[in-house]
Amino acid sequence: MNGLEHGQEQRQDDSAAEVRNAVKPPASYRWWGEVPWALVSKSQLGRADLPREPGGPVRGWVTGRDFRGREMDIELYAVAESVPTKASGGQLAAADRRRTTTVRVCSDCGANCQQPLAERRGRYLCAMCAKLARIVDFQIELRERRAELAAWAQEVLADPALAVVWVEVMEAEPTPSGRRRPPLAARVQAVDGHGRLLVDALVRLAGPRTKGAPAEAVPPEEGAEALQGALEGRRRITWTADALKAVTDRLTALGHPVRLGPAGPHGPVETGVWSPHRRAWPGQVCDRLAQWRGELDPATGELRAPWLPGTADRLLLCLQRIASTVGTGAGRPGRSRGARREDDGVGPAGAYEVRIAVTGPAGAAERLAAVMAATGAAEHGSLAGPVPSREVPGAQVTYLAGNPDVLLSGAEEL
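First, a word on what this report is: a plain description of the structure on this page.

Conventions and cut-offs
- Residues numbered from 1 in each chain as written.
- Predicted model: local features only at pLDDT ≥ 70, side-chain atom pairs only at ≥ 80, totals over all residues.
- Heavy atoms only, no water.
- Helix = DSSP H or I, 4+ residues; strand = E, 2+ residues; numbered from the N terminus.
- Polar contact = N/O pair within 3.5 Å; in protein donor to acceptor, adjacent residues only side chain to side chain.
- Disulfide = S-S within 2.5 Å.
- Buried < 20%, exposed > 50% of the residue type's maximum accessible area, 1.4 Å probe, protein only.
- Core = buried A, V, L, I, M, F, W, Y, C linked by side-chain atoms within 4.5 Å.
- Contact = heavy atoms within 4.5 Å.
- Pairing = 2+ DSSP bridges.
- Axes fitted to C-alpha atoms, helices over the stretch in contact; angles between N-to-C directions.
- Salt bridge = Lys/Arg side-chain N within 4 Å of Asp/Glu carboxyl O.
- Expected span 1.5 Å × (residues − 1).
- Arc of directions from axis to C-beta.
- Phe/Tyr/Trp six-rings, centres within 6.5 Å; stacked < 30°, edge-to-face > 60°.
- Lys NZ or Arg CZ within 6 Å of the ring centre and 35° of its normal.

**Quick word on the side chain of Thr175**
Part 1 of the argument: Tracing the sequence through the fold places Thr175 in the loop between β9 (162-170) and β10 (185-191).
Part 2 of the argument: In this structure the side chain of Thr175 is engaged in a polar contact, spanning 2.9 Å, whose partner is the backbone nitrogen of Arg179.

The structure is reproduced here in structure tokens:
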């Protein structure tokens, strides 16, 4: 076998390996973000700047929507099995010269993308820049959320009947078959809004003959009495919604019910109007602390779970830190997408945004934006682009956000 034949076989092996990697189970995906780069739809192959067509069988499906908005399964093919269309290089070059509405150059990083890019508020973003933009918007939204959390924490700490509770449960070993046994004991700590200790009890949650329970744990009846006296009628703040309930349910099962009453507020009732444009944030204390911290996983862009405070007084300290962030202004500036959608078309003229498109040299648009921002007619830092013009071949379009109050008042003067 000569070197040329060996090289051809090696390339064929590499191509086959790429196909095998593309079709690893599962071959069904819930949304486009899960689809690997090696799998594409037929329309994606056809829209590429060097168009191709399927050359092999269907290798997967992704859930999408048709032009009517109805959910459907879209067939996916392996790029490694696709073949070029019959269009020659000269024909594709001529098509590029005729095409005025397709943008493939990313506005942010300048990547020359194979697929056409969709416009997002005057910007055409590649997949990575779109992901970065979503993360930046998430960070802005977290900054807005911190103000809401600070108001919530202040209202919680102002309640004179507050009890900040920390629960640690000692689990029993499962049965040989894997069945879960009832917990052996639980330590329940609670402090009031000033950090004064209300209760610190290690309560036995198993029968007297159960082995493994700590010897220093108080009997269930004594523990139930201690919890009842310390927490009854108080507004109880716990790490998770069911942390204390798991203990009281077990005490009830042992014949020693703990009746604490509702854990609702005794001070001013927490208010707030949910908007369909805003994210529905989880409301458990552990989730609120994660939102306040705002630490994102660099690999996924998702919120990282915070480390456990571990004691009631440390959980109280977290609430105090959340409450102290009112008015700090720390975080990414700007308005989140949800906030902008909430503003669009609602209320007076100033409650929505006017987008201004400037066609011409990019430098001229920057100078115009600076002049308009100085007069209050445009928002500072809202310049986006430039991107290729759809209407004027060879020209550039730059977008900026205008202040409708100033623009409308100027129009009235004219």
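**What about the state of the cysteines?**
Part 1 of the argument: According to the stated counting rule, one finds zero disulfides in the structure shown.
Part 2 of the argument: In this model Cys106 remains outside any disulfide bridge; the closest cysteine sulfur is found in Cys129, 3.5 Å from its own.
Part 3 of the argument: For Cys106, a relative accessible area of 3% translates into the label buried.

**Section: the nonpolar core**
Part 1 of the argument: Within the largest apolar cluster, 21 residues are counted, with the highest numbers of intra-cluster contacts made by Val164 and Trp239.
Part 2 of the argument: It is helix α8 (residues 312-323) that contributes the most residues to this core, seven residues altogether.
Part 3 of the argument: Look past the residues within four positions of Val164 in its chain and what remains in contact with it is Gln189, Ala190, Val191, Ile237, Ala312, Leu315, Leu316 and Leu319.
Part 4 of the argument: Among the nonpolar cores identified, the runner-up in size contains 20 residues, and Ala163, Ala190, Val203 and Leu205 belong to it.

**Looking at the sheet that holds strand β11 (residues 197-204)**
Part 1 of the argument: Spatial strand order, β11-β10-β9-β12: four strands in an open sheet with mixed pairing. Each edge of the open sheet carries a strand with a single partner, namely β11 and β12 (235-238). Between one strand and the next, the sheet's axes are offset by a mean angle of 20°, whatever the strand orientation.
Part 2 of the argument: In this fold α8 packs onto β9, β10 and β12, with an angle of close to 130° to the strand it touches most, β9.

**Some points on the sheet that holds strand β1 (residues 28-29)**
Part 1 of the argument: With mixed pairing, four strands are arranged side by side in an open sheet as β1-β4-β5-β2. A single partner strand is all that each edge strand has here, and the edge strands are β1 and β2 (39-40).
Part 2 of the argument: Alignment of β1 against strand β4 (residues 60-65), held across two bridges, turns out to be parallel. Paired with Ser28 across the strands is Trp61, a residue of β4.

**So, the environment of Gly283**
Part 1 of the argument: Positionally, Gly283 belongs in the loop between α6 (243-253) and α7 (285-293).
Part 2 of the argument: As a C-alpha pair, Gly283 and Thr240 span 43 residues in sequence and 9.4 Å in three-dimensional space.

**Brief notes about the pairing of strand β5 (residues 71-78)**
Part 1 of the argument: Inspection of the sheet shows β2 paired to β5 by two bridges, in the antiparallel sense. Pairing of Val40 across the sheet is with Tyr77, part of β5.
Part 2 of the argument: Here six bridges tie β4 to β5, and the two strands are oriented antiparallel to one another. Following the sheet pairing, Val62 is matched in β5 by Ile74.

**Brief notes about the pattern of salt bridges**
Once the charged atoms of two side chains with opposite charge are near each other, the side chains can pair.
Part 1 of the argument: Here the structure, examined in full by the defined rule, presents ten salt bridges.
Part 2 of the argument: Among the ionic pairs, Arg59 bridges to Glu81, the shortest N-O distance being 2.6 Å. Highlighted residues: Arg59 in the loop between β3 (52-53) and β4 and Glu81 in the loop between β5 and β6 (83-84), separated in sequence by 22 residues.
Part 3 of the argument: Connected via shared salt-bridge partners are Glu155, Asp159 and Arg235.

**Observations regarding helix α5 (residues 220-231)**
An α-helical turn contains 3.6 residues, so any two residues separated by three or four positions project in the same direction.
Part 1 of the argument: An ideal rise of 1.5 Å per residue puts 16 Å on twelve residues; α5 measures up with 16 Å between its terminal C-alpha atoms.
Part 2 of the argument: Taken together, the buried positions of α5 are occupied by Pro220, Gly223, Ala224, Leu227, Gln228, Ala230 and Leu231.
Part 3 of the argument: In the core, the buried residues of α5 are packed alongside β9, β10, β11, β12 and α6.
Part 4 of the argument: Immediately beyond the C-terminal end of α5, within one or two residues, lies Gly233, with a positive phi of roughly 80°.

**Looking at the pairing of β9**
Part 1 of the argument: In this structure, β9 lies alongside β12, joined through four bridges in parallel fashion. When the sheet's bridge partners are listed, Leu162 is paired in β12 with Arg235.
Part 2 of the argument: Sheet topology note: the β9/β10 ladder contains seven bridges and is antiparallel. Its bridge partner lying in β10, Val169 is registered against Ala186.

**Let's talk about helix α3 (residues 89-98)**
Part 1 of the argument: By the burial criterion, the buried members of α3 are Leu92, Ala94 and Ala95. Angular distribution of buried residues about the axis of α3 spans 160°; they occupy a single face of the element. Exposed side of α3, more than 90 degrees from the buried face: Gly89, Gly90 and Arg97 are the residues found there.

**Some remarks on the packing of aromatic side chains**
Part 1 of the argument: Counted according to the given criterion, the structure contains two aromatic pairs.
Part 2 of the argument: Ring geometry for Phe138 against Trp281: centres 6.2 Å apart, planes inclined by 15°, an arrangement best described as stacked. One end of the pair, Phe138, is in helix α4 (residues 127-157); the other, Trp281, is in the loop between α6 and α7, and 143 residues separate them in sequence. Of the two residues, Phe138 and Trp281, neither departs from the other in class, the shared state being buried.
Part 3 of the argument: Ring geometry for Trp166 against Trp239: centres 5.6 Å apart, planes inclined by 55°, an arrangement best described as tilted. Of this pair, Trp166 sits in strand β9 while Trp239 sits in the loop between β12 and α6; the two residues are 73 residues apart in sequence, bridging distant segments of the chain. Like Trp239, Trp166 is buried.
Part 4 of the argument: The residue whose ring lies beneath Arg288 is Trp152, and the NZ or CZ to ring-centre distance is 4.2 Å.

As far as function goes, none of this settles anything; it's purely spatial.
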